[in-house]
Amino acid sequence: MESPPSLETVHQALQALYNNPDVVGKERASVWLGELQRSVHAWQIADQLLTSHQSLESCYFAAQTMRTKIQYAFHELPTNVHESLRDSLLEHAGKVTADTAHVIVTQLSLALADLALQMPVWKNSVQDLVQRFGSNPSQLSFLLEVLIVLPEEISSRSLRLGANRRHEVIEELKAASQVVLELLNGCMENMSDDTQIKTKVLKCMSSWYNIDAIPEQVVHTALFMAPFNSLVNKECTSGLHEAATDCICSALYCVEDINAHPLKAEALFNAVLQLADPYHQTVAEEDIDKSLNYCRIFTELAESFLEVITTTPNKGLGDFRVLELLLMCVGHHQYEIAEVTFNYWYKLSEDLYQKNTPELNEVFKPFIQRLIISLCQHCQMDPDHEGTLDTSDDFFDFRMRVSELIKDVIFIVGSSTCFTHMFQNLKNQTSETTWDVSEASLFIMQAVAKNILPEESEVVPLVVQAVMSIPATAHIAVRYTTLQLLGELCEWIESHPSVIDPVLQYLMAGLQEPRLASVAATALQSISTMCKSHMKSHCEGLIQIVQAVDTFNISNDAATGLLKGVATILATLPHDKCTEGMRQLCSFQTVGLNKFLTEGCEAPKQGAADDPTVLLDRLAAVFRYTTPMVENGSVHPCLPVIQEVWPVLAQACNKYQADVRIVERCCRCIRFAIRCLGKSSSPLLQPLVPQMVSLYQVHSHSCFLYLGSILVDEYGSDKDCTQGLLDMYQHFCPPTFKLLEEQNGLRNHPDTVDDLFRLSLRFIQRAPLALLQSVAAKPVLMCAIAACSLDHKDANASVMKFITEFVKAATHKDEKEDFEARSGLVKGLLVEHGQALVHSLIHSIVFCLPTYMCAEISEVIYEIMQVDRATFCVWLEHVLKALPNEGTPGAIKVTHKQLTDFHKAITIAEKVTQVSDALREFSRLYR
């Protein structure tokens, strides 16, 4: 957009966007307005629209445009117009009244806040805003909105203020806190009947608590008690109640470091303990939302005081009344309330696990026992419920989270103790006890079953016997959970082979029941896998079951799992029986595949009758889990079967070559076949590699690159195979580079980046000299340098691992005789591209990548220093000198001292963690 459009043109576009019934016209207007917002003319247009104030739509568009321009494009404005922009915004804000649309108020508030944060020359911005708007009741709401968002925007990722500016702003806000507190206190005193203002006052306090900008002395003011007073007021609206809750939670989060906030910590502790009665009142009134709010407060209190609770249990601020409050909430009849507390129990268990003190565990044991009893009650299904729970049901998800929580905390009370207690519950039930109570106890038992010691011989045998005597007439949900329980007891069953036969019979009966077939199959898989040495005599019967699997009503995942279990048993059989059993398992799949190959279409829809992916997944499971022990020189028992299956897989790759979903399944099958055979898979190489290369030239599916990495991993160290694999690699490179060199190619094809560098990594690990001497070495390194900034976690990790191993090839001496040659080649490439590599690494972590990716980049930097620390120092210095040291004028991103400190910290580092720590701290200066 070369010249600014007229206001009339803009109004016409807005009219078309909001009021034109023609969809095409709307889309055209939307695109044009988007281009306008991205142009430099948007500043002037937005200002003019706000001044003319012609319509709600135009004012909203203008306010939103002004906010996004300040947020994302503040650099477009020359410094000399910053003050005029501020004055213009303040003038527009001065026209805001109680009738102004909330969406416009929000956008203008954000615009002013973002401007203040990015305009260091605007000193005392808070005091200026309070002075300008604080005395006008009609503008008070707007002022509070600005004061709410100002602290929130400090950590905005889009602003990227940097650690220095953030620290400066927070100190400014702390200095202005007294002015803000006086304003808020005046609002509460003078406008106590205005719920909207009171709500905003509490939101503002919450926001300022979050940046720790409210001083300790606040505890001596009426303002400190304002959120508590709102909570206990029976007339409190839901919006005000929630704002008060957020405010208290923010204050509690702020005092997690109790030593730094002793007054606030004690005052909050005592005030929150007084909320038990108001909570009970909301329970009596069945006000779930307010009960939930109280529970949030109690949980935040417990989390903030966790350290003191476990360090000085039931003393001072470690008072166990906090735990009583939580258990009171867990006892609420609505499971959603109990669920709010889960995070605390996770943290408590983690803390106790780290402390590893049996005496301390004993202190908390009664609370965890009560927790489990309450959770068991919450897990009870509706007595009128028919069938089993649907996996898409919220209650199903809740029970899964209960199961995970119990697995986390169970060490505090002991699995056997819990298991025994729940079994006692079952035995104590009378004829009047409904099925849902029994099922809930069984559900808790299955959650801890895997933790039962295999040698336990008192309770578990009774449980297993009781479970298998449950009649077929029992509620289906009870039988479902018993099958889960048996599957989870697989380790115990492995140590008690005498129960295997009756357990298998019970599972077989479950397979016959459509509603239980999937869970029975899953349990059968667990027991087959764990008890494989005891299951040999059952293998033939299991194969027959697997061949008839489609006659059962089980999920594909359960069917594949069943195959996994049988394949695991096959691996323990004599080689001839292993071969025959595997042939039977595979033949059933290949018959179906052959039918699809001859009759099916080339691009079947997912889940269609001729979709081969289910059969390919099952074949992959057979190859993956049939892992017999093979002595050197012996023929692999799986080789004959895989050679029989290979033509079917090759034909499937050809037929479905355009369908990436099916080709990925084919490659996965072949991958597990190669892993199964190891070096015995060499007969497959000659037909496989040419086919992969040929198909990749037409359809650049990245799964072929991944499959190539498997071949290099298995055969890369074999000198007879190295050249053939290198030829494959060099054929893969041109179409891959072409794809990645497209506009946004790296970002649009992260899977290709991931698989290319997995393959390259395998090569540098297995045949480094071959790769380094090849024509592909330089372009693949250049591609890696370009990909350093890719913010896709897996793809970036593969790139970094490749570069790390590439650089290590120059320093890592091993048994190979080619060290001098490969070291010279790596050093030569680093001389040419090392500066670009260091530049890309530093710029990526500073400007492009999230902080958690520091570790991988640190590995690369550390290894470069092992090659030539002195040269790296020079490279790093050049990069740091070129970095911008200011954001907006006056906003220092990084000082000279910080640059030199960072340079020193990196270049003297003797450990990777030291590099990582320095990178992490430095990157915060720019974000």
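Conventions and cut-offs
- Residues numbered from 1 in each chain as written.
- Predicted model: local features only at pLDDT ≥ 70, side-chain atom pairs only at ≥ 80, totals over all residues.
- Heavy atoms only, no water.
- Helix = DSSP H or I, 4+ residues; strand = E, 2+ residues; numbered from the N terminus.
- Expected span 1.5 Å × (residues − 1).
- Buried < 20%, exposed > 50% of the residue type's maximum accessible area, 1.4 Å probe, protein only.
- Contact = heavy atoms within 4.5 Å.
- Salt bridge = Lys/Arg side-chain N within 4 Å of Asp/Glu carboxyl O.
- pLDDT = per-residue confidence, 0-100.
- 1 Å grid on protein atoms, 1.4 Å probe; cavity = no way out; pocket = protein on both sides within 12 Å on 5 of 7 lines; lining within 4 Å.
- Points joined across faces, edges and corners; volume = space filled by probe spheres on them.
- Nonpolar A, V, L, I, M, F, W, Y, C, P; charged D, E, K, R; others polar.

## Quick word on helix α31 (residues 556-570)
Then step 1. Under the 1.5 Å per step criterion, the end-to-end length of α31 is 21 Å for 15 residues, consistent within 8% with the ideal 21 Å.
Then step 2. Of all 15 residues in α31, eleven are buried, a share of seventy percent or more.
Then step 3. For α31, the set of buried residues is Ala558, Ala559, Gly561, Leu562, Leu563, Gly565, Val566, Ala567, Thr568, Ile569 and Leu570.
Then step 4. The elements touched by buried residues of α31 are α29 (517-530), α30 (539-547), α32 (575-599) and α33 (613-625).

## A word on the pattern of salt bridges
Between side chains of opposite charge, a pair can form as their charged atoms come close.
Then step 1. The tally for this structure, following the rule as stated, stands at 38 salt bridges.
Then step 2. The shortest N-O distance in the salt bridge between Lys355 and Glu307 comes to 3.8 Å. A residue pair is termed long-range when its members are at least 10 positions apart, and Lys355 in helix α20 (residues 342-355) and Glu307 in helix α17 (residues 306-311) qualify at 48 residues.
Then step 3. Judged by relative accessible area, which is 29%, Lys355 ranks as partly exposed.
Then step 4. Overall, the relative accessible area of 48% leaves Glu307 in the partly exposed class.
Then step 5. Here Arg747 makes a salt bridge to Asp791, at a shortest N to O gap of 3.3 Å. Of this pair, Arg747 sits in helix α39 (residues 745-748) while Asp791 sits in the loop between α42 (777-787) and α43 (793-808), and the two are 44 residues apart along the sequence.
Then step 6. Given a relative accessible area of 35%, Asp791 falls into the partly exposed group.
Then step 7. Members of the salt-bridge network, linked through shared partners, are Arg675, Asp713, Glu714, Arg762 and Arg766.

## A closer look at the confidence of the model for the protein
Then step 1. Of the residues in the protein, 100% have a pLDDT of 70 or more, and the chain-wide mean is 94.
Then step 2. Taking the mean pLDDT of every element in the protein, the minimum, 88, falls on helix α1 (residues 7-19) and the maximum, 98, on helix α16 (residues 288-304).

## A look at the side chain of Asp351
Then step 1. Tracing the backbone through its elements, the reader meets Asp351 in helix α20.
Then step 2. Look past the residues within four positions of Asp351 in its chain and what remains in contact with it is Glu307 and Thr310.

## What to know about the side chain of Glu488
Then step 1. By the element assignment, Glu488 lies in helix α26 (residues 476-488).
Then step 2. Apart from residues lying up to four places away in sequence, Glu488 is in contact with Gln446, Ala449 and Lys450.

## Some remarks on empty space enclosed by the protein
Then step 1. Tallying each qualifying case throughout the model produces five cavities of 30 Å³ or more.
Then step 2. Of the voids in this model, the largest cavity is the one considered here, and its volume is about 100 Å³.
Then step 3. Lining of the largest cavity is provided by Met381, Thr388, Leu389, Phe396, Arg399, Met400, Glu439, Phe443, Ala477, Tyr480, Thr481 and Gln484.
Then step 4. Residue assignment for the lining of the largest cavity shows that the elements contributing at least two residues are α22 (394-413), α24 (435-448) and α26.
Then step 5. Here the element with the most residues in the lining of the largest cavity is α26; it accounts for four residues.
Then step 6. For the lining of the largest cavity, the class distribution of residues is seven nonpolar, three polar and two charged.
Then step 7. Size it by volume and the second largest cavity reaches roughly 60 Å³.
Then step 8. Among the secondary structure elements, those contributing two or more residues to the lining of the second largest cavity are α6 (102-118) and α9 (163-175).
Then step 9. Among the elements that line the lining of the second largest cavity, the one with the most residues is α9, at four residues.
Then step 10. Grouping the amino acids of the lining of the second largest cavity by side-chain chemistry returns six nonpolar, one polar and two charged.

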